[in-house]
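# Architecture and fold: a report
Each chain, letter by letter, is given below.
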Amino acid sequence: MNDGTMIAPYLRVVPENRSALRFFTICARNFLPGAQILCDSVRRAHPGAVFTVYLCDRDMGYDAEALGMDIEPLEALGIPALERMIRTYNITELCTAIKPYCFLREFARGPEAGTEAGAAEQSPHVVYLDPDIELFSPLVEVAEALDAGASAVLTPHVLKPAERAEFADDHFLRYGIYNLGFIALRATEAVADVVRWWARRMVDQCIIDLPQGIFVDQKWMDLLPAFLDGVHVLRHPGYNVAYWNLHERRIHGPDTALQCNGQPLRFVHYSGIILEDVEQLSRHSGMFYVSNSFGYGPLVRRYRARLTAPENRRLRQLPYAFFWNGAGDSNAHTPGGGGAPAWRRPESFLFARQAFSLEQYLGYLSAEAREIESQRATEAALTPRGRREAFEFTCYCAVCGGRHPMVTSFMYSCATDGEGNPIPNWREHIACRSCGLPNRVRASVHLFLQEFDPAPDSRIYITEQKTALYTLLSGRFSRLTGSEYFGNRVPKGAMFDGVRNENFEALSFQSESFDYLLSFDVLEHVPHPERAFAEAFRVLEPGGSLIFSVPAHLDRYPSTIRAELEPDGQIVHHLPAEIHGNPVDEKGGALCFRYFGWDVMDMLREAGFRRPFLYHYWSREFGYFGPGQALFVAEKPR
């Protein structure tokens with residue numbers, strides 16, 4: 001092996017043809033430009049290799065096709081304690097805590113999913129790389145070590161004693177011997193067992209607590225050589241060149257064949273790069289600058305220029321969906337994320353899962369069956385037995401703020417428990433005594449404010465106006481537009497008693513008029529929802545979002561058609577007429593034409609929206625009860 005060290009005794013001689021390597025990284029949305037640079041460098045060094053980005057953030061607001069990368073959502077990892085981890089960890093801790101779960105998912109994909117031609121029978125070799133890394137040549141020594149029987153490959157922070165360096169060797173007794181910006185594992189059952197142990201530890205102990213000797217996932221890997229046979233420590237100066245080892249590394253040679261200390265340069269780790277400072281190499285180092293970094297500085301300068309290119313500006317400005325500074329409100333390793341809006345603080349955070357398909361949602365129902373059973377038990381415990389009067393319990397209302405009594409009754413109840421007691425229609429009840437908004441409306445507003453963080457002057461259209469919700473939102477957003485539907489009694493776009501008339505199937509607004517279009521339980525009353533979606537697409541600004549709730553059967557694909565409007569104006573009923581409340585026609589109400597299924601996603605895509613999805617949620621804290629609670633989201637491409 002050409003790494004300047006003796007061949008380890010556990011490694012056997014391997015043929016010239018090496019097995020393929022699979023690669024993955026982890027990042028938030030704002031670092032997708034860095035992940036793209038890494039991906040491009042991997043594909044140059046390892047043509048045909050599979051590269052996956054695991055997104056430690058909300059899966060929205062970017063165009064995966066334009067980025068040219070396979071991007072997997074956080075929910076794909078099936079982490080049982082995900083909500084607790086999100087609420088507790090800062091961005092550094094959470095991004096590192098999910099690493100073992102990513103390895104397990106890569107292992108489960110099987111060898112055929114990630115091998116180049118001729119290597120399909122080999123066990124897949126999986127390599128993790130931090131998103132602030134760039135490859136300069138193939139990782140030959142890694143592939144050779146894994147093919148020769150190594151169970152894992154690690155790179156130490158330093159290769160020589162460093163008593164007088166800026167980062168002396170005792171520094172790594174606190175932070176970890178090995179840098180976990182890189183780790184390669186061979187997919188064997190013995191390795192998977194240790195990775196499962198690592199994953200269990202990461203649920204609560206992926207923290208930055210140097211006095212206790214813990215530094216995120218990294219310090220735990222000091223134990224790896226004790227737990228596994230065949231852990232290969234790769235002492236090659238061309239690997240993991242970074243601020244912490246610049247005192248012992250020298251990069252030299254032409255751009256097409258860069259070397260480090262006379263060995264091929266494999267990859268550089270731009271850890272702690274400061275985009276706003278063109279001279280300092282890393283926020284973690286006060287010694288090395290572009291001018292004194294022995295060939296490292298020019299690479300940093302070029303990397304910084306690519307990250308800050310105009311085409312990356314929007315992605316870099318995407319807000320982190322969770323808690324930059326965590327529940328402890330600190331992140332010494334990655335500072336600068338303070339001042340997050342109150343909607344992103346743990347105490348008001350609603351944990352909502354994303355689902356992009358019926359299969360993904362059904363997978364959640366199967367995997368979380370025990371949790372769902374516990375939710376139904378909580379609801380049953382709060383429901384009075386043997387009586388039908390309205391009842392109350394206290395929850396936190398995230399819309400008006402504070403803990404308030406929530407009123408629930410058995411009106412609209414359409415189900416009973418095993419003993420024949422009615423089950424409340426939770427979706428339409430649990431109304432806050434302070435603001436008056438029920439379960440589904442409070443949750444929809446909560447998620448809109450939390451996930452989209454709309455500015456006070458955002459251009460928002462909401463398909464209601466004579467409601468408490470419109471009144472509440474009009475006090476927060478200066479450019480809010482609302483409407484009701486009066487039919488042909490009033491011209492389209494005209495006012496009637498101070499209320500605007502709009503037909504969702506043929507809106508009067510000019511194209512690209514709004515940043516957000518909100519519609520809460522209106523589309524089920526629209527005879528042709530596909531026309532409404534086309535109109536929503538038209539009036540939204542590129543990058544704008546349609547956010548809506550509807551009655552839906554989330555466990556099935558086709559919508560349930562209750563009634564249809566014929567071309568001659570006649571209504572054909574396929575099921576008994578279901579009439580809902582209507583603020584502009586209290587006597588006649590509004591006919592429900594359908595309960596939506598997952599085919600609504602096809603309608604949205606046909607209208608032009610990109611990657612529509614839904615949030616599904618349940619919360620005792622906020623009083624969001626009942627199965628199948630969902631908010632749909634569709635973004636217009638930029």
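Note that the coordinates shown come from a computational prediction; the quantities given were computed from them, not determined experimentally.

### As for the overall build of the protein
The secondary structure content of the protein amounts to 17 helices and 34 strands. Against the 2.2 N^0.38 benchmark of 26 Å for 638 residues, the protein shows a C-alpha radius of gyration of 28 Å, consistent with a compact globule. Each principal axis of the C-alpha atoms in the protein carries an extent, and together these give about 85 × 55 × 50 Å. Considering the protein as a whole, with its 638 residues, one finds that 57% of them fall into the buried category. With the model as given, the accessible surface of the protein reaches about 26700 Å², and the carbon-plus-sulfur share is 51%. One way to put it: in the protein the 64 positive side-chain charges average out to a point 3 Å from where the 78 negative ones average out.

### Re the sheet that holds strand β3 (residues 70–72)
Strand order across the open sheet formed by seven strands is β3-β2-β1-β4-β7-β6-β10, with mixed pairing between neighbours. Among the strands making up the open sheet, the edge pair consists of β3 and β10 (231–233). Sheet twist, expressed as the mean angle between neighbouring strand axes with direction ignored, is 25°. In this sheet, strand β7 (residues 182–186) lies alongside strand β6 (residues 152–154) in antiparallel orientation, the contact comprising two bridges. Its bridge partner being in β7, V153 is matched across the sheet by A184. Taken strand by strand, helix α5 (residues 99–108) contacts β1 (21–27), β2 (51–55), β3, β4 (125–129) and β7, and its axis lies near 145° from that of β1. Helix α6 (residues 140–147) rests against β1, β4, β6, β7 and β10 of the sheet, and its axis sits at about 30° to β7.

### Quick look at the nonpolar core
Membership of the largest hydrophobic core comes to 56 residues, with the highest contact counts inside it found for F103, I183 and W198. In terms of residues, this core owes the most to one element, helix α8 (residues 189–205), which gives nine residues. Setting aside chain neighbours within four positions, we find W198 in contact with K99, P100, F103, L180, I183, D217, W220 and M221. Counting 44 residues, the second largest nonpolar core, distinct from the first, contains V445, I460, Y470 and F625.

### Looking at the pattern of salt bridges
Throughout the structure, instances matching the rule amount to 39 salt bridges. A salt bridge links D417 to R385; its shortest N-O distance comes to 3.6 Å. Note that D417 is positioned in the loop between β18 (415–416) and β19 (422–423) and R385 in the loop between α13 (369–382) and β16 (391–396), a separation of 32 residues in sequence. E635 is paired through a salt bridge with R610; the nearest N and O atoms lie 2.3 Å apart. Taken together, the positions of E635 in strand β34 (residues 630–635) and R610 in strand β33 (residues 610–617) put the pair 25 residues apart, joining distant regions of the chain. One connected set of salt bridges, linked through shared partners, spans R22, D70, E72, R105, E106 and R109.

### A few points about the pairing of strand β17 (residues 403–408)
Pairing of β16 with β17 involves six bridges; the strand directions are antiparallel. What sits directly across from C395, in β17, is H404. Taking the residues that link successive antiparallel strands as the turn, the β16-β17 hairpin has six residues, and the phi of G401 there is positive, at about 85°. Across two bridges, the pairing between β17 and strand β20 (residues 431–432) is antiparallel. When the sheet's bridge partners are listed, V407 is paired in β20 with A431.

### Some points on the packing of aromatic side chains
Scanning the entire structure with this criterion turns up 42 aromatic pairs. Each ring, one from W426 and one from F625, has its centre 5.3 Å from the other, and the planes form 80°; the classification is edge-to-face. In this pair, W426 is assigned in the loop between β19 and β20 and F625 in the loop between β33 and β34, connecting sequence segments 199 residues apart. One aromatic cluster is present, formed by F24, Y54, F103, F107, Y128 and W198 through successive ring pairs. A cation over a ring is seen here: R562 above Y595, with NZ or CZ 5.9 Å from the ring centre. Cation over ring: K636 sits above F537, and NZ or CZ is 4.8 Å from the ring centre.

### Some words on the environment of E484
Tracing the sequence through the fold places E484 in the loop between β22 (480–482) and β23 (495–496). On the basis of relative accessible area, E484 is assigned to the buried category, the value being 7%. With 14 residues separating them in the primary sequence, E484 and G498 have C-alpha atoms 11 Å apart. Within the local environment of E484, its side chain forms a polar contact with the backbone nitrogen of K466, the two atoms lying 2.9 Å apart.

### Considering the pairing of β34
Counting buried residues along β34, six of its six residues qualify, which places the element largely inside the surrounding structure. Bridge analysis of strand β26 (residues 540–549) against β34 gives four bridges, and the strand direction is antiparallel. By the bridge assignment for β34, S545 is matched with E635. Strand direction decides the pairing type here: β33 and β34, joined by five bridges, are antiparallel. Bridge pairing in β34 links R610 to E635.

### Brief notes about the sheet that holds β20
Pairing between sheet strands relies on hydrogen bonds along the backbone, with the strands arranged either parallel or antiparallel. Across the sheet, which stays open at both edges, the three strands sit in the order β16-β17-β20 with antiparallel pairing between neighbours. Single-partner strands in this sheet number two, and they are β16 and β20.

### A closer look at the packing of helix α16 (residues 529–539) against helix α17 (residues 599–607)
Axis separation between α16 and α17 bottoms out at 9 Å; the angle between their running directions is 45°. It follows from the interaxial angle that α16 and α17 lie oblique. Classified by chirality, the crossing of α17 by α16 is right-handed. Counted together, P529, E530, F533, A534 and F537 of α16 and V600, M603, L604 and A607 of α17 form the full contact between these two elements. Across the contact of α16 with α17, the residue classes break down as eight nonpolar, no polar and one charged.

How each quantity is defined
- Residues numbered from 1 in each chain as written.
- Predicted model: local features only at pLDDT ≥ 70, side-chain atom pairs only at ≥ 80, totals over all residues.
- Heavy atoms only, no water.
- Helix = DSSP H or I, 4+ residues; strand = E, 2+ residues; numbered from the N terminus.
- Rg over C-alpha atoms; globule rule 2.2 N^0.38 Å.
- Buried < 20%, exposed > 50% of the residue type's maximum accessible area, 1.4 Å probe, protein only.
- Areas by Shrake-Rupley, 256 points an atom, 1.4 Å probe, with all protein chains shown as cover.
- Lys, Arg positive; Asp, Glu negative; His and termini not counted.
- Charge placed at Lys NZ, Arg CZ, Asp CG, Glu CD.
- Pairing = 2+ DSSP bridges.
- Axes fitted to C-alpha atoms, helices over the stretch in contact; angles between N-to-C directions.
- Contact = heavy atoms within 4.5 Å.
- Core = buried A, V, L, I, M, F, W, Y, C linked by side-chain atoms within 4.5 Å.
- Salt bridge = Lys/Arg side-chain N within 4 Å of Asp/Glu carboxyl O.
- Phe/Tyr/Trp six-rings, centres within 6.5 Å; stacked < 30°, edge-to-face > 60°.
- Lys NZ or Arg CZ within 6 Å of the ring centre and 35° of its normal.
- Polar contact = N/O pair within 3.5 Å; in protein donor to acceptor, adjacent residues only side chain to side chain.
- Parallel < 35°, antiparallel > 145°, perpendicular 65-115°, else oblique.
- Left-handed = near helix turned anticlockwise from the far one by under 90°.
- Nonpolar A, V, L, I, M, F, W, Y, C, P; charged D, E, K, R; others polar.

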